[in-house]
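Okay, here's what each chain looks like letter by letter:
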Amino acid sequence: MPSLIDLRRRIRAVKSTQQITKAMKMIAASRLKRAQDRVVAARPFSQRMQAVLQGLVSRVDQTTHPLLRVPESEVDRPLVIIVTADRGLCGSFNSNVIKAAGQFILARPSGAQVSLALVGRKGRDFYRRRGYDVRYEVAGILQRLTFADAAAIANSAMDDFTSGAVTSVHLVYNEFKSVMSQRLVVEQVLPIPRLEEASAADTQLDYLYEPSAQGIFDELLPRHVQMQVYRALLESNAAFFAAQMTAMDAATRNSTEMIESLTLYMNKVRQAAITREIIEVVSGASAT
């Protein structure tokens, strides 16, 4: 049976941990609001740009622009951009992304040469020790995320794709749905997906390009890829703060229950000690 001193020390330790988890929950909640506002502001532009460009590229030949061209290669060489967090204490946020990326890699055809681009320290630390071909890695940008950070990642991926080093580019990240839930997303970025089925009204449409289709695609397609990467980073950042807030709230509630349980047990131990001392006093008095 533990002594009263040990129980008091353990209760003090749990209370100290509870103060930390409560503070982390409040910090995550304050940062979540700002991250959520940025996601909500970026979604309409990103989704509309994606819909328009998919409609446009479905009506042009894939040789119109290098980012539309499907590489003719017998070897599958995908580049997977895996977006994790820089920190932990966020439940299964990072492990879910790593697991989804692992399933995607295992699902590739036999002989595929998978390359990785790692965003976030957790993903970097995990894959660095497992012998994967890591083309580039970025850490520490999610706390102060800017469009320039996303553009640098997207530009590196586009350079690898246009040079033929990789045959496709995919994103794996957590999409922010609500404070309580995040959705794992695995989506293709390059080559830019085409609409497989077009309606009868869409097939009758014809576009006039001014100044030219080549000039428009040269300007819009790289910006589209940059925007998709930027939105994925924003989604992941907001999802991280939501997961961290949820995890710290659960930890705070669990610590409260633990403190109550330890306090009750400590009171029982103290009562047992008092009872034992009374019995010893009464026994000694009776003996005399």
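The paragraphs below set out a description of the structure included in this document. (Residues numbered from 1 in each chain as written. Predicted model: local features only at pLDDT ≥ 70, side-chain atom pairs only at ≥ 80, totals over all residues. Heavy atoms only, no water.)

Our next topic: the pairing of strand S3 (residues 133-138). Looking at chain direction, strand S2 (residues 115-119) and S3 are connected through five bridges and run parallel. Following the sheet pairing, Ala117 is matched in S3 by Tyr136. Of the crossover connections in this fold, the one passing from S2 over helix H3 (residues 121-128) to the parallel S3 is right-handed. (Pairing = 2+ DSSP bridges. Helix = DSSP H or I, 4+ residues; strand = E, 2+ residues; numbered from the N terminus. Right-handed = clockwise from strand over helix to strand, strands pointing away.)

The next thing to look at is helix H1 (residues 4-57). Its 54 residues give H1 an end-to-end C-alpha distance of 73 Å, which sits within 8% of 80 Å, the value for a rise of 1.5 Å per residue. Within H1, the axis deviates most sharply at Arg43, by approximately 30°, and proline Pro44 lies no more than four positions further along. (Expected span 1.5 Å × (residues − 1). Bend = angle between axes of the 7 residues up to and from the residue.)

This part takes up H3. Those residues of H3 that sit buried are Gly123, Arg124 and Tyr127. On an axial view of H3, the arc spanned by its buried residues comes to 100°, and they lie on one face. (Buried < 20%, exposed > 50% of the residue type's maximum accessible area, 1.4 Å probe, protein only. Arc of directions from axis to C-beta.)

With respect to the secondary-structure elements, Asn237 resides in helix H6 (residues 213-287). Not counting residues up to four positions away in its chain, the partners in contact with Asn237 are Ala35 and Leu142. (Contact = heavy atoms within 4.5 Å.)

The residue after Leu190, namely Pro191, is reached through a cis peptide bond having omega -10°. If you trace the backbone, Pro191 turns up in the loop between strand S5 (182-190) and helix H5 (200-203). Positive phi, normally seen in glycine, also occurs at Leu89, with a value near 55°. Locating Leu89 in the fold gives a position in the loop between strand S1 (78-83) and helix H2 (93-106).

Moving on, we come to the pattern of salt bridges. Under the defined criterion, the tally for this structure stands at 12 salt bridges. In this structure, Asp76 engages Arg108 in a salt bridge whose closest nitrogen and oxygen atoms are separated by 2.8 Å. A residue pair is termed long-range when its members are at least 10 positions apart, and Asp76 in the loop between H1 and S1 and Arg108 in the loop between H2 and S2 qualify at 32 residues. Measuring nitrogen to oxygen at the nearest pair gives 3.4 Å for the salt bridge that ties Glu235 to Arg231. Residue Glu235 and its partner Arg231 are both found in helix H6; the two are separated by four residues, about one turn of the helix. Each of Arg43, Glu175, Arg183, Glu187, Arg231 and Glu235 takes part in salt bridges that share partners, so that together they form one network. (Salt bridge = Lys/Arg side-chain N within 4 Å of Asp/Glu carboxyl O.)

Okay, a positive patch on the surface next. A contiguous patch of positive charge, built from Arg8, Arg9, Arg12 and Arg270, is present on the exposed surface. Top contributing element to the positive patch by residue count: H1, with three residues. The residue Arg12 is located in helix H1 in this model. (Patch = residues over 30% accessible without salt bridge, like charges linked within 9 Å, V, L, I, M, F, W, Y side chains within 5 Å. Areas by Shrake-Rupley, 256 points an atom, 1.4 Å probe, with all protein chains shown as cover. Lys, Arg positive; Asp, Glu negative; His and termini not counted. Charge placed at Lys NZ, Arg CZ, Asp CG, Glu CD.)

What follows is about the packing of aromatic side chains. Evaluated as defined, the whole model comprises five aromatic pairs. Ring geometry for Tyr127 against Tyr132: centres 5.3 Å apart, planes inclined by 80°, an arrangement best described as edge-to-face. Tyr127 sits in the buried class, given a relative accessible area of 2%. Ring centres 5.3 Å apart and planes at 80° place the aromatic pair Phe147 and Tyr230 in the edge-to-face group. In this pair, Phe147 is assigned in helix H4 (residues 147-163) and Tyr230 in helix H6, connecting sequence segments 83 residues apart. You can call Tyr230 buried: its relative accessible area is 13%. Here the aromatic cluster, defined as three or more aromatic residues joined through ring pairs, consists of Phe93, Phe240 and Phe241. Above the plane of the ring of Phe126 lies Arg130, whose end atom (NZ or CZ) is 3.7 Å from the centre. (Phe/Tyr/Trp six-rings, centres within 6.5 Å; stacked < 30°, edge-to-face > 60°. Lys NZ or Arg CZ within 6 Å of the ring centre and 35° of its normal.)

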